[in-house]
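Report on the structure
As a plain string of letters, each chain reads:
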Amino acid sequence: AAYNRGMRHLLALLTATLLWSGSAIPPQTLQAWLDTEAAGFSGAVLIARDDTIEVLKAYGGTEPTGKFNIGSINKTFTATAVAQLIQRGRLSLDDTVAKLLPDYPNRDAAAKITIRQLITHRSGVAQFMGGNFGEGPVADLARTVGSQPQVFEPGARQEYSNGGYVVLGRIVE
């Protein structure tokens with residue numbers, strides 16, 4: 001029920017943003033409406049028109065410019081960035097980690113792991129989760145992931161891997 005209520009609030013906020021973007025409603029009026037509708041919503045709202053931020057406010061104890069743990073949705077953004085690089089001819093699904101990350105610690109695995117295997121969770125790269133997951137530069141996280149033993153031989157099976165997407169993130173960088 002709380003999830004549905006939160007989603008209802010999020011959808012209301014998104015709808016308001018879309019409706020407001022083409023209107024002459026003053027930001028103060030929108031802010032008052034948001035304050036009423038955002039009860040139970042935890043997150044930040046940023047509404048801009050052109051290059052001007054009209055509303056920036058956080059709800060539910062968050063900070064408007066703080067970091068949010070958006071979890072595995074990052075994988076969608078990473079895969080999209082990889083697809084864009086492929087479209088531009090900068091990458092291929094068959095490129096290896098060794099070709100793209102010469103400093104990857106596990107050189108044997110790097111020679112076998114392809115972009116395709118990383119995207120499809122078939123690389124054998126360690127899962128990599130912990131209390132400090134996501135903290136620090138991606139280059140450091142990729143080195144940590146690459147220092148872990150492979151879970152299985154690349155391409156042998158499919159197993160969800162945050163670590164594989166850390167490596168993809170480094171490749172995108």
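Just so it is clear, the structure is predicted and the values come from calculations on it, not from any experiment. Residue numbers here run from 1 along each chain, matching the order of that chain's written sequence. For a predicted model such as this one, the threshold for reporting local features is a pLDDT of at least 70, and the threshold for listing and counting side-chain atom pairs is 80 or more; totals across whole chains, interfaces and linings nevertheless cover every residue. Side-chain descriptors were evaluated using all non-hydrogen atoms of the structure, hydrogens and water having been removed beforehand.

1. Observations regarding the overall build of the protein chain
Counting secondary structure elements, the protein chain contains eight helices and two strands. Counting every position in the protein chain, which comprises 173 residues, the buried fraction comes to 34%. In this description, contact between two residues means that some pair of their heavy atoms is separated by no more than 4.5 Å. Across the protein chain, every contact between residues at least 6 apart in sequence was considered, and the portion connecting residues at least 24 apart equals 58%. Of the roughly 10400 Å² that the protein chain leaves accessible, carbon and sulfur atoms contribute 54%. Only DSSP runs of H or I reaching four residues or more are called helices, and only runs of E reaching two or more are called strands; each is numbered from the N terminus. Classification of residues uses two cut-offs on accessible area relative to the type maximum, computed with a 1.4 Å probe and protein chains only: under 20% is buried, over 50% is exposed, and between them is partly exposed. Each accessible area value is a Shrake-Rupley result obtained with a 1.4 Å probe; residue values ignore everything except the protein chains displayed when judging cover.

2. With respect to the pairing of strand E2 (residues 52-59)
Bridge analysis of strand E1 (residues 43-49) against E2 gives seven bridges, and the strand direction is antiparallel. Considered in E2, the bridge of glycine 43 is made with tyrosine 59. For two strands to pair, DSSP has to find at least two bridges joining them. Where E1 folds back on E2, the antiparallel hairpin that results is connected by two residues, among which aspartate 50 adopts a positive phi of roughly 55°.

3. Structural notes on unusual backbone geometry
A positive phi angle is found at histidine 121, which is not glycine, with a value near 60°. One can find histidine 121 in the loop between helix H6 (115-119) and helix H7 (138-147). When its relative accessible area of 13% is taken as the criterion, histidine 121 is described as buried.

4. Remarks on helix H2 (residues 27-37)
The periodicity of an α-helix, 3.6 residues per turn, causes residues three or four positions apart to be oriented the same way. Taken residue by residue, H2 has Leu30, Gln31 and Leu34 as its buried positions. Here the buried residues of H2 occupy an arc of 105° about the axis, which is enough to place them on one side. Residues of H2 that are exposed and point over 90 degrees away from its buried face: Gln28 and Thr36. This arc is taken over the directions from the axis of the helix to the C-beta atoms.

Function cannot be inferred from these measures alone, as they are strictly geometric.
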